[in-house]
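Here are the chains, one letter per residue:
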Amino acid sequence: MRDTGRGWAAWPALLGLLLALVMQVDGGAQTTAGLVTCGSVLKLLNLHHRVRLHSHDIKYGSGSGQQSVTGVETSDDANSYWRIRGGPEGGCPRGVPVHCGQAVRLTHVMTGKNLHTHHFPSPLSNNQEVSAFGEDGEGDNLDLWTVRCSGQHWEREASVRFQHVGTSVFLSVTGEQYGSPIRGQHEVHGMTSANSHNTWKAMEGVFIKPSAEASTSHDEL
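This section reports on the structure supplied with the text. Per chain, the residues get numbers from 1 upward, laid out in the order the sequence is written. Residue-level local features of this predicted model are given only where pLDDT is at least 70; pairs of side-chain atoms are given and counted only at 80 or more, and the full residue set underlies all totals for whole chains, interfaces and linings. Excluding hydrogens and water, the side-chain figures rest on all heavy atoms present in the structure.

1. Regarding the side chain of Arg85
The numbering of helices and of strands both runs from the N terminus, where a helix is a DSSP run of H or I of at least 4 residues and a strand a run of E of at least 2. Following the sequence through the fold, Arg85 ends up in strand β4 (residues 82-85). For every residue, the accessible area obtained with a 1.4 Å probe (protein chains only) is divided by the maximum for its type, and the residue is called buried under 20%, exposed over 50%, and partly exposed between those limits. Assessed through its relative accessible area of 0%, Arg85 is described here as buried. We call two N or O atoms a polar contact when they sit within 3.5 Å, provided that within protein one can donate a hydrogen and the other can accept it, with sequence-adjacent residues counted only if both atoms are side-chain atoms. There is a polar contact of 2.6 Å between the side chain of Arg85 and the backbone oxygen of Gly137.

2. Remarks on the environment of Arg161
In this structure, Arg161 sits in strand β9 (residues 161-164). Judged by relative accessible area, which is 24%, Arg161 ranks as partly exposed. Sequence spacing of Arg161 and Thr146 is 15 residues, and the spatial spacing of their C-alpha atoms is 8.1 Å. Contacts: residue pairs with any heavy atoms within 4.5 Å of one another. With sequence-adjacent residues up to four places away left out, Arg161 is seen in contact with Thr146, Val147, Arg148, Phe170, Ala194, Asn195, Ser196, Asn198 and Thr199. Side-chain polar atoms of Arg161 contact the backbone oxygen of Asn195, separated by 3.1 Å.

3. Some words on the side chain of Ser68
Along the polypeptide, Ser68 turns up in strand β3 (residues 67-72). Overall, Ser68 belongs to the buried group, its relative accessible area being 2%. In terms of polar contacts, Ser68 uses its side chain to reach the backbone carbonyl oxygen of Ile58, at 2.7 Å. Ignoring anything within four residues of it in the chain, the contact list for Ser68 reads His54, Ser55, His56, Ile58, Lys59 and Tyr60.

This is how it looks when you write it as structure tokens:
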């Protein structure tokens, strides 16, 4: 079934409900570390710079002028949740493990825009700008990212890279920080080479099981 953006405005409220249900589960029922699945909602940590992938309704003042994407050091910001989805033609059924080498969309839960990049320079490092683009989960073919990992599936405890399908750059952070109005947040951009600046790990979130039940292996959501 095609994954459309219909009803995307309801996702922030639904996320809150899912997290509340998870927090009510007996601690003894928590699952061990497993696989990242289609439909899961999670935060992504850059392992080198220790910041989580983040967005918000603040646009770039240069380049594309699209919604900005940054890295934040805090772990409890709801604007750092992303939903794992397939491309416009589907291919990522709810609860199915994400394969290494699979192309996915990362959709920002609070704004319904997709992680995106294109041939604009990033504001601080002059690498490739990364933005959030689209409406209600639907953007264009520059929203697709290939999950680069070892083995068969994307494992929650493993490091992964995200390589852009359209331009081949890797989702990266190199430490540059913004001033006002997003003071202290880190620039996120695309780099042409695979290196320590573009390794990521799944963190807090709601991980969808094939039975459509939600579970988490992290205490802090």
